[in-house]
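Read off the chains here:
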Amino acid sequence: ELKVEQNPLFLSMQEGKNYTIYCNYSTTSDRLYWYRQDPGKSLESLFVLLSNGAVKQEGRLMASLDTKARLSTLHITAAVHDLSATYFCAASSGGNEKLTFGTGTRLTIIP
Amino acid sequence: GAVVSQHPSWVICKSGTSVKIECRSLDFQATTMFWYRQFPKQSLMLMATSNEGSKATYEQGVEKDKFLINHASLTLSTLTVTSAHPEDSSFYICSATGLAGTDTQYFGPGTRLTVL
């Protein structure tokens, strides 16, 4: 059974700082997703990572995937208040479309 | 492209009543739709997977007789919460796949159900 864990669960950081959210998964995964969720809203797709060593960047967010370590990271550079949200990683495996979500990381950026 | 809508956005109902939530893919044919439930400050939990024209596959622990799923067409799936109780209050999110060339899930905006 695929399990996905995120660390940390809560993160409060100052504007301008850098930080990384970690996502570990328990078994071989076909692909790894990162989503953003604002309060009361649904999910916004950020990144899809398909292969070992994959790195994708959009603005101040950068995601990477290490399939050997079963680890994905979401790096935040020079955080701004607009990035405050809950971030989820999710993984699928075995050619299955089903997603298993991590616990989520609630990120708060303070001035 | 790849827009998924849900209706209603929120619903408040009395305990014991049934509530139907619709999930539509607006600009593509969704071969598979997924239903998730999210309790406050928690992650998304997959409830069931539905393919057009066939019975839904429910995750372990989800009562199929309580959460009725119908995927009658390639653009519409419905989730009916039967005899709803306060513990069914949650945020229900659907997603759909089937956009040509990708198996990415596209998420609907969610439906917030409150059962009094």
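Look up: the structure comes first, before these words.
Everything quoted here is computed from the prediction, not taken from an experiment. Every residue gets a number counted from 1 within its own chain, in the order that chain's sequence is written. Here the convention is simple: chains get letters from A, ligands get numbers from 1, in the order in which they are written. Where local features are concerned, this predicted model is filtered to residues with pLDDT of at least 70; where side-chain atom pairs are given and counted, the filter is 80 or more; whole-chain, interface and lining totals use all residues. With hydrogens and water set aside, each side-chain value is computed from the structure's full complement of heavy atoms.

**Brief notes about the overall build of chain B**
A run of DSSP states H or I qualifies as a helix once it reaches four residues; a run of E qualifies as a strand once it reaches two. Both are numbered from the N-terminal end. The number of helices and strands found in chain B is 0 helices and 11 strands. For chain B, the α and β elements follow one another from N to C terminus as β-β-β-β-β-β-β-β-β-β-β. In this treatment the radius of gyration is a C-alpha quantity, and the globule benchmark scales as 2.2 Å times the residue count to the 0.38 power. Against the 2.2 N^0.38 benchmark of 13 Å for 116 residues, chain B shows a C-alpha radius of gyration of 13 Å, consistent with a compact globule. Here the C-alpha coordinates of chain B stretch approximately 45 × 25 × 20 Å along the principal axes. Exposure categories follow from relative accessible area, calculated using a 1.4 Å probe and restricted to protein chains: below 20% of the type maximum is buried, above 50% is exposed, and the middle band is partly exposed. Residues classed as buried in chain B amount to 49% of the 116 residues present. For every accessible area listed, the method is Shrake-Rupley and the probe measures 1.4 Å; residues are considered covered only by the protein chains on display. Put simply, chain B shows about 5,600 Å² of open surface, and 53% of that area lies on carbon and sulfur atoms. The convention is simple: Lys and Arg are positive, Asp and Glu are negative, and His and the chain ends are not counted. The location of each charge is read from NZ of Lys, CZ of Arg, CG of Asp or CD of Glu. In chain B, 9 side chains carry a positive charge and 9 a negative one; their mean positions are 7 Å apart.

**Remarks on the sheet that holds strand E7 (residues 67-73) of chain B**
Residue and element names in this part refer to chain B. The criterion for strand pairing is that DSSP finds at least two bridges linking the strands in question. Ordered in space as E1-E3-E8-E7, the 4 strands form an open sheet in which the pairing is antiparallel. Single-partner strands in this sheet number two, and they are strand E1 (4-7) and E7. Going across the sheet, the axis of each strand differs from the next one's by a mean of 15°, ignoring polarity. Bridge analysis of E1 against strand E3 (residues 19-25) gives 4 bridges, and the strand direction is antiparallel. Counterpart to Gln-6 in the pairing with E3 is Cys-23. Structural elements are reduced to axes, namely lines fitted to C-alpha atoms, with helices fitted over the stretch in contact, and the angle between N-to-C directions of any two is expressed from 0 to 180 degrees.

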